[in-house]
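# Architecture at a glance
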Amino acid sequence: QQQVRQSPQSLTVWEGETAILNCSYEDSTFDYFPWYHQFPGESPALLIAIRPVSNKKEDGRFTIFFNKREKKFSLHIADSQPGDSATYFCAASVAGANTGKLTFGHGTILRVHP
Amino acid sequence: AQTIHQWPVAEIKAVGSPLSLGCTIKGKSSPNLYWYWQATGGTLQQLFYSITVGQVESVVQLNLSASRPKDDQFILSTEKLLLSHSGFYLCAWSLNIYAEQFFGPGTRLTVL
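We now turn to the structure provided with this report.

Criteria and cut-off values
Residues numbered from 1 in each chain as written. Chains lettered and ligands numbered in written order. Predicted model: local features only at pLDDT ≥ 70, side-chain atom pairs only at ≥ 80, totals over all residues. Heavy atoms only, no water. Helix = DSSP H or I, 4+ residues; strand = E, 2+ residues; numbered from the N terminus. Contact = heavy atoms within 4.5 Å. Buried area = accessible area lost by both parts, 1.4 Å probe. Salt bridge = Lys/Arg side-chain N within 4 Å of Asp/Glu carboxyl O. Polar contact = N/O pair within 3.5 Å; in protein donor to acceptor, adjacent residues only side chain to side chain. Buried < 20%, exposed > 50% of the residue type's maximum accessible area, 1.4 Å probe, protein only. 1 Å grid on protein atoms, 1.4 Å probe; cavity = no way out; pocket = protein on both sides within 12 Å on 5 of 7 lines; lining within 4 Å. Points joined across faces, edges and corners; volume = space filled by probe spheres on them. Nonpolar A, V, L, I, M, F, W, Y, C, P; charged D, E, K, R; others polar.

### Here we look at unusual backbone geometry
Each neighbour pair has its own omega, and for Ser7(A) with Pro8(A) the value is -10 degrees, a cis peptide bond. By secondary structure assignment, the location of Pro8(A) is in the loop between strand E1 (4–7) and strand E2 (10–14). Residue Pro8(B) is bonded to the preceding Trp7(B) through a cis peptide linkage, with omega at -10 degrees. The residue Ser30(B) is not glycine, and still its phi comes out positive at about 50 degrees. Its location among the elements puts Ser30(B) in the loop between strand E3 (19–26) and strand E4 (32–38).

### Points about the interface of chain B and chain A
Counting from both sides, the interface comprises 22 residues of chain B and, opposite them, 20 residues of chain A. When the two sides are added together, the surface that chain B and chain A hide from each other amounts to roughly 1700 Å², 57% of it contributed by carbon and sulfur. Here chain B and chain A share zero salt bridges between them. For the pair chain B and chain A, the interface holds four residue pairs in polar contact (both at pLDDT 80 or more). A total of four residues in the side of chain B that touches chain A trace back to one element, the largest contributor, which is strand E5 (residues 44–52) of chain B.

### Focus on the pattern of salt bridges
Residues and elements named next belong to chain A. Tallied over the entire structure, the rule returns seven salt bridges over all chains. A salt bridge links Asp84 to Arg61; the shortest N-O distance between them is 2.8 Å. Placement of the pair is Asp84 in the loop between strand E8 (72–77) and strand E9 (86–92) and Arg61 in the loop between strand E6 (56–59) and strand E7 (62–67), with a sequence separation of 23 residues. Given a relative accessible area of 7%, Asp84 falls into the buried group. Residues Glu70 and Arg69 are paired through a salt bridge, measuring 3.3 Å at the closest nitrogen-oxygen approach. Taking the relative accessible area as the measure of exposure, Glu70 reaches 37% and is therefore partly exposed. Of the residues examined, Arg69 reaches a relative accessible area of 70% and is grouped as exposed. Each of Arg69, Glu70 and Lys72 takes part in one network of salt bridges that share partners.

### Some points on the side chain of Ser74(A)
Residue and element names in this part refer to chain A. Turning to its location among the elements, Ser74 is positioned in strand E8. Here His76 takes part through its side chain, which lies 3.3 Å from a polar atom of the side chain of Ser74. Setting aside its immediate chain neighbours within four residues, Ser74 contacts Leu21, Asn22, Trp35, Thr63, Ile64 and Phe65.

### Considering empty space enclosed by the protein
In this structure the tally under the stated criterion is one cavity of 30 Å³ or more. Forming the boundary of the largest cavity are 10 residues, of which Tyr32(A), Ser93(A), Ile97(B), Tyr98(B) and Ala99(B) lie nearest the centre. Of the residues assigned to the lining of the largest cavity, the class counts are six nonpolar, three polar and one charged.

In structure tokens form, the structure reads like this:
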């Protein structure tokens, strides 16, 4: 079953806190896991991505933690800023499927209060 | 640098009318191209992908069709719109099927 589950549906944090967004999947053939963020009225923008060769990927304030055994991955946003308020989508794909198909989660709406 | 352009920016159409949406990418030769659909407040669903000119594969059936008449152009169309076609249509590109996908600005479609 090619599904990607995302939680929570919405998350509110204070400025400066770490926001944690979670995703899980069932298909063990998934081997590429990107995170996108989308601001109201705009298209999604790639934030950071990981492949299972590693269990952690950092880019500035954004870190992906990946747990292959439990089929879970999470996005940690350190020192959250009001400008980080957006909808965050995790996704997964199977490189060997030859389609480039990305399966997206249903999104987490993040609000960062100043 | 690669730029991706979608047209029109927004469209309001009647049920049963035809539709054609376009996507052009500049600055990259032979990109992989994708069409996605997003309902208001919803997730993204891939509709079509194309690896090369003239070849388009359907991922999900929504009474839509797609074509790639040129290396840098991807067209989404239907002869008869349904209310359920309303939403945000996004074109995306990647270097190959294993690479990161980047989205265009999108076309917002309202079917009345």
